Amino acid sequence: MKIGITVYPTYGGSGIVGSELGRELALRGHEVHFISSALPTRLTELNDKVHFHEVEMMSYPLFEHQPYTLALSTKMMTVARAENLDLLHVHYAIPHSISAILARESLKPKRYLPVITTLHGTDITLVGADRSYLPITRYGLQQSDGVTAVSKFLKQATIETFDYDEIEVIPNFICPNHYRRDDDSPLLKELAPNDEKLLVHVSNFRAVKRPADCVEILAKVLQKGIKTRLVMVGDGPELSAVRHRARQLDVLEQTEFVGKQAKIADYLTVADVFLLPSEEESFGLAALEAQACEVPVVATRVGGLPEVVADKESGFLSDIGDIEKMSNDVMKVLSDEELHRAFGLRGRELAIARYSSELVIPQYINFYEKILSQSAKKQMQNA
Ligand code: GMT
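The shown structure was predicted, so the numbers you read here are calculated from the model rather than taken from an experiment.

Caption draft 1: Seen up close, the overall build of the protein. Each helix and strand counted, the protein has 15 helices and 13 strands in total. Against the globule reference of 21 Å for 383 residues, the protein gives a C-alpha radius of gyration of 22 Å, in line with a compact fold. In terms of overall dimensions, the protein has C-alpha extents of about 75 × 45 × 40 Å along its principal axes. In the protein, which comprises 383 residues, the share counted as buried stands at 54%. Looking at the protein alone, contacts between residues at least 24 apart form 70% of all its contacts between residues at least 6 apart. Separation between the mean location of the 42 positive side-chain charges and that of the 52 negative ones in the protein comes to 3 Å.

Next comes the structure, spelled out in structure tokens:
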């Protein structure tokens, strides 16, 4: 198949999933064309199976705001025609599905180009934050030829918000060879020079991730006398507030802010505990990646996280903001080697059994085939 994929090319989870999906599809012989405003971060290699088409923005004095949705749609049309794409797969409803639907409609007189939308979560939150987006998002869902969501939770949330239920759940995935334990990593000595225990958090530092809770947890763990350091991976709007809180709590010296990192696995593989104290999480890709690296997860019981993290088996789940319980949970796994090992092994076992790329990529391929055959039937009926 020839597949056009559109993602937000930044560090967000949806961009990572779309990029990894493209890479995995190419490995299986499909031709993938990324259509986005910049080269997606995780896309390190372009070849005869993986192509990149940059959306060019036209600047014109009359345009107070540059019309990205139209520029993307135009690029989708051009690439679909030139490369003879079979379908467009967009990650994130707003505005990607609207651009893809416009492209499909413009091409319709010549041929039908099915549009598949994958929901990642904040597409729903966005609507929650601004109800005026609800009709256009619902339109995007209804007009897509197929819709997938990354968790059962997200499917249910979409049904409740949009009253739309034709959604297939296809979860996020990991490649078990890329995400695995490496006790000999040279990074370990660098981050824990005095054999400290390492807590790791990865996010885009938005308020919804509650990154400041991580330094609160660290402070409590240090109070109990466990030699610990916290590694904060990523960047975003809350970063300076977190740094400020760490200073107030007098744990800045034990906190390492390493910024955005291209290879998250390097940091997960040396972690003793992974922290994800989010207020909302439709899936929690970073928690899955941590589990694949045999790292116990201490997280909140929100959204799709209970589908990914097995409470008391591969980690511990708590209510939002329950610093007391989360720090106690961290101490439990840090002070009991057997428990730590058991949680780590169970996490990897679950990650492979439920979310390995070998299992999930075929689900996408089957979904593409189903949508292509449904569209072909519709076209025949309309001919
Ligand atoms: O988590 C973010 O802030 C980024 C966001 C995105 O759209 O890129 O992540 C969402 O999609 C990820 C990949 O499917 C999920 O793992 C995250 O749970 C989800 N984030 C939220 O629901 C807050």
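Caption draft 2: Focus on the site of the ligand. In the region of the ligand, 18 residues are neighbours, and H120, N204, R206, K209 and E281 sit closest. A distance of 2.8 Å is found between an oxygen atom of the ligand and a backbone nitrogen or oxygen belonging to S282. Note that an oxygen atom of the ligand is positioned 3.1 Å from one of the backbone N or O atoms of F283. Within the complex, 95% of the 480 Å² of free accessible area of the ligand lies under protein. Counting residues per element, the shell around the ligand draws most heavily on helix α1 (residues 13-27), which supplies 3 residues. Looking at the shell around the ligand residue by residue, the class counts come to 5 nonpolar, 9 polar and 4 charged.

Caption draft 3: Focus on the layout of surface pockets. Taken as a whole, the second largest pocket spans an internal volume of roughly 310 Å³. Of all the secondary structure elements, the ones that give two or more residues to the lining of the second largest pocket are α13 (323-335) and α14 (337-355). Examining the composition of the lining of the second largest pocket, we find that 5 residues originate from one element, α14, more than from any other. Here the residues of the lining of the second largest pocket are counted per class, giving 3 nonpolar, 2 polar and 7 charged.

Caption draft 4: Seen up close, the packing of α13 against α14. With their axes 5 Å apart at the nearest point, α13 and α14 run at an angle of 100° to one another. The pairing of α13 with α14 is recorded here as roughly perpendicular in orientation. From α13, K332, V333 and S335 reach across to α14, where they touch E337, L339, H340 and F343. In the contact of α13 with α14, the residues fall into 3 nonpolar, 2 polar and 2 charged.

Caption draft 5: Structural view of the domain arrangement of the protein. You can read the domains of the protein as domain 1 (2-173 + 357-382) and domain 2 (186-355). Each partner contributes residues to the interface: domain 1 has 20 residues there, and domain 2 has 18 residues. In total, about 1400 Å² of surface goes out of reach between domain 1 and domain 2, with carbon and sulfur atoms giving 60% of it. At the junction of domain 1 with domain 2, the criterion picks out 0 salt bridges.

Caption draft 6: Main features of the side chain of E196. Inspection of the secondary structure assignment puts E196 in the loop between α7 (186-191) and β8 (197-202). Looking at E196, its side chain comes within polar contact range of the main-chain nitrogen of N194, at 2.9 Å. If sequence neighbours within four positions are ignored, E196 has contacts with K227, T228, R229 and D272.

Caption draft 7: Structural detail: the sheet that holds strand β12 (residues 297-300). Spatial strand order, β10-β9-β8-β11-β12-β13: 6 strands in an open sheet with parallel pairing. The open sheet has two free edges, formed respectively by β10 (255-259) and β13 (315-318), since each of these has just one partner strand. Strand-to-strand twist in this sheet, taken as the mean axis angle between neighbours without regard to direction, amounts to 20°. Looking at chain direction, β8 and strand β9 (residues 228-233) are connected through 6 bridges and run parallel.

Caption draft 8: Seen up close, the side chain of S73. Relative to the elements of secondary structure, S73 occurs in helix α2 (residues 68-83). Exposure remark for S73: the relative accessible area of 2% places this residue in the buried category. Of the polar contacts made by the side chain of S73, one reaches the backbone nitrogen of A103; its length is 3.3 Å. Setting aside chain neighbours within four positions, we find S73 in contact with S99, L102 and A103.

Caption draft 9: Structural detail: the sheet that holds strand β5 (residues 115-119). The 7 strands are arranged β3-β2-β1-β4-β5-β6-β7 in an open sheet whose pairing can be described as parallel. This sheet does not close on itself; its edge strands, each paired only once, are β3 (50-54) and β7 (168-169). In this sheet, strand β4 (residues 87-91) lies alongside strand β1 (residues 2-6) in parallel orientation, the contact comprising 4 bridges. Bridge pairing in β4 links T6 to V90. Against the sheet, α1 engages β1, β2 (31-36), β3 and β4, with an angle of about 155° to β2. Set on the sheet, helix α3 (residues 96-107) makes contact with β1, β4 and β5; between it and β4 the angle comes to about 165°.

Caption draft 10: Up close: the packing of helix α8 (residues 212-223) against α13. Closest axis-to-axis distance for the α8/α13 pair is 9 Å, and the angle between their directions is 55°. Looking at the two axes, α8 sits oblique to α13. For the pair α8 and α13, the sense of crossing is right-handed. Along the contact surface, α8 presents D213, E216, I217, K220 and V221, while α13 presents I323, E324, M326, S327, V330, M331 and L334. Considered class by class, the residues forming the contact of α8 with α13 number 7 nonpolar, 1 polar and 4 charged.

Scoring rules and cut-offs
Along each chain, residues carry numbers from 1 onward, in the same order as the chain's sequence is written. Only residues with pLDDT of at least 70 get local features here, since the model is predicted, and only at 80 or more are side-chain atom pairs given and counted; chain-wide, interface and lining totals rely on the full set of residues. Computation of side-chain values: all heavy atoms of the structure, hydrogens and water removed. For the purposes of this entry, the term helix denotes a DSSP run of H or I that reaches at least four residues, the term strand denotes a run of E that reaches at least two, and both are numbered from the N terminus. For this measure, only C-alpha atoms enter the radius of gyration; the expected value for a globule follows 2.2 Å times N^0.38, where N is the number of residues. Per-residue accessibility, obtained with a 1.4 Å probe over protein chains only, is compared with the maximum for each type, and a residue is labelled buried under 20%, exposed over 50%, and partly exposed between these values. In what follows, a contact means two residues having at least one pair of non-hydrogen atoms within 4.5 Å. We treat Lys and Arg as the positive residues and Asp and Glu as the negative residues; His and chain ends play no part in the count. To locate a charge, take atom NZ for lysine, CZ for arginine, CG for aspartate or CD for glutamate. Whether a residue is near a molecule or strand is decided by its heavy atoms; if any one of them lies within 4 Å of it, the residue is near. Within 3.5 Å is the distance limit for a polar contact, defined as a pair of N or O atoms, with the added protein rule that one can donate a hydrogen and the other accept it, and that residues adjacent in sequence qualify only through two side-chain atoms. Shrake-Rupley sampling with a 1.4 Å probe provides the accessible areas, and residues are treated as covered by the protein chains on show and by no other component. Amino acids outside the nonpolar list (Ala, Val, Leu, Ile, Met, Phe, Trp, Tyr, Cys, Pro) and the charged list (Asp, Glu, Lys, Arg) are all regarded as polar, and Gly is one of them. Residues are said to line a cavity or pocket when one of their atoms sits within 4 Å of a point; the points come from a 1 Å grid over protein atoms alone, cavities being sets where a 1.4 Å probe fits but cannot get out and pockets being open sets with protein on both sides within 12 Å along at least five of seven lines. Grid points are joined across faces, edges and corners, and a volume is the space filled by probe spheres set on the points. With axes taken as lines fitted to C-alpha atoms, and helix axes fitted only over the stretch in contact, angles between N-to-C directions fall between 0 and 180 degrees. For classification, angles of less than 35 degrees are called roughly parallel, those exceeding 145 degrees roughly antiparallel, those between 65 and 115 degrees roughly perpendicular, and all remaining angles oblique. For every domain, the bounds stem from an assignment made automatically or drawn from a database. The term buried area means the drop in 1.4 Å probe accessible area that two parts suffer when joined, counted for both and summed. Whenever a carboxyl oxygen of Asp or Glu lies within 4 Å of a side-chain nitrogen of Lys or Arg, that contact is scored as a salt bridge. Strands qualify as paired when DSSP identifies two bridges or more between them. Helix crossings get a hand from a simple test, with the near helix turned counterclockwise from the far one by less than a right angle marking a left-handed crossing and a clockwise turn marking a right-handed one.

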